[in-house]
Amino acid sequence: SSEVYARLVRRVVTAVIDGYNGACFAYGATGSGKTHTMLGQPQEPGVMPEAVEELMAAALRDDDFDYKFGVSYVEIYNEKVKDLLNPDSQADLEVREDAKHGTHIQGAVELAVGSAAEIME
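Residues numbered from 1 in each chain as written. Predicted model: local features only at pLDDT ≥ 70, side-chain atom pairs only at ≥ 80, totals over all residues. Heavy atoms only, no water.

Structural notes on the overall build of the protein
A count of helical and extended segments in the protein gives four helices and eight strands. Listing each helix as α and each strand as β along the protein from the N terminus yields α-α-β-β-α-β-β-β-β-β-β-α. Over its C-alpha trace the protein gives a radius of gyration of 15 Å, about what one expects of a compact globule, namely 14 Å for 121 residues. Across its three principal directions, the C-alpha atoms of the protein cover 40 × 35 × 25 Å. The proportion of buried residues among the 121 residues of the protein is 18%. Counting contacts in the protein only where the partners sit at least 6 residues apart, residues at least 24 apart contribute 46% of the total. For the protein, the exposed surface amounts to about 9200 Å²; the carbon and sulfur share of it is 51%. (Helix = DSSP H or I, 4+ residues; strand = E, 2+ residues; numbered from the N terminus. Rg over C-alpha atoms; globule rule 2.2 N^0.38 Å. Buried < 20%, exposed > 50% of the residue type's maximum accessible area, 1.4 Å probe, protein only. Contact = heavy atoms within 4.5 Å. Areas by Shrake-Rupley, 256 points an atom, 1.4 Å probe, with all protein chains shown as cover.)

Right, dumping it as structure tokens:
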């Protein structure tokens, strides 16, 4: 997972720190290791914990801006978008784009967070 992060995801995180939107997807067959690559284990963190740690560290180093972090967690499976933070939500949320919110998933929960540990809960 650390090699995947170093070779592929770090450049996305760097772009986010520079003000761009970023996303990282894991795609593959059931049982191919997508969840392990994204989440990892406590002794070997996946790309998500590594990205979160790097983003939070960059925010702490930067005195010029006031950073606010929010997190959504969705699953796209068989072309259906599901909000994993709200199991009671409808099973097929819509991806939208508008001037106010940019590209977003309408109806997905977004939680305000203040630390890497809080995000990874």
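Some words on a nonpolar patch on the surface
Side chains of L39, Y73, L84, L85, L111 and M120 sit close together on the surface and give an oily, nonpolar patch of about 450 Å² of accessible area. Along the chain, the position of L39 falls in helix α2 (residues 34-39). (Patch = residues over 30% accessible without salt bridge, like charges linked within 9 Å, V, L, I, M, F, W, Y side chains within 5 Å. Salt bridge = Lys/Arg side-chain N within 4 Å of Asp/Glu carboxyl O.)

So, the environment of K82
Of note, K82 is situated in strand β5 (residues 80-83). K82 gets classed as partly exposed once you look at its relative accessible area, which sits at 35%. In this structure, the C-alpha to C-alpha distance between K82 and Y27, residues 55 residues apart in sequence, is 16 Å. If we skip the residues at most four places from it in the chain, K82 touches Y73, V74, E75 and A91.

Details of the packing of helix α1 (residues 2-17) against helix α3 (residues 47-61)
Interhelical geometry of α1 versus α3 gives an angle of 35 degrees and a closest axis separation of 10 Å. Judged by the sense of rotation from one axis to the other, the crossing of α1 with α3 is right-handed. In this structure, α1 contributes S2, V4, Y5, V9, R10, V13, V16 and I17 to the contact, and α3 contributes V47, E50, A51, E54, L55 and A58. Classifying every residue of the contact of α1 with α3 by side-chain character gives 10 nonpolar, one polar and three charged. (Axes fitted to C-alpha atoms, helices over the stretch in contact; angles between N-to-C directions. Left-handed = near helix turned anticlockwise from the far one by under 90°. Nonpolar A, V, L, I, M, F, W, Y, C, P; charged D, E, K, R; others polar.)

Section: α3
When the terminal C-alpha atoms of α3 are compared, their 21 Å separation across 15 residues agrees well with the 21 Å that a helix rising 1.5 Å per residue should span. Packing partners of the buried residues in α3 comprise α1, α2, β2 (44-45), β3 (69-71) and α4 (116-120). (Expected span 1.5 Å × (residues − 1).)

Section: the pairing of strand β4 (residues 74-77)
Relative to β5, β4 is paired through four bridges, and the arrangement is antiparallel. Bridge assignment links V74 to a residue of β5, and that residue is D83. The turn joining β4 and β5, which pair antiparallel and follow one another in sequence, is formed by two residues; a positive phi near 50 degrees is taken by N78. (Pairing = 2+ DSSP bridges.)

A short note on the nonpolar core
In terms of nonpolar packing, the biggest core is built from six residues, these being Y5, V9, V13, M38, V47 and A51. When contributions to this core are tallied by element, the ones reaching two or more residues are α1 and α3. The contact partners of M38, leaving out residues within four places of it in the chain, are C24, A26, G46, V47, M48 and P49. One finds V52, M56, A116 and I119 within the second-largest nonpolar core, a separate group that totals five residues. (Core = buried A, V, L, I, M, F, W, Y, C linked by side-chain atoms within 4.5 Å.)

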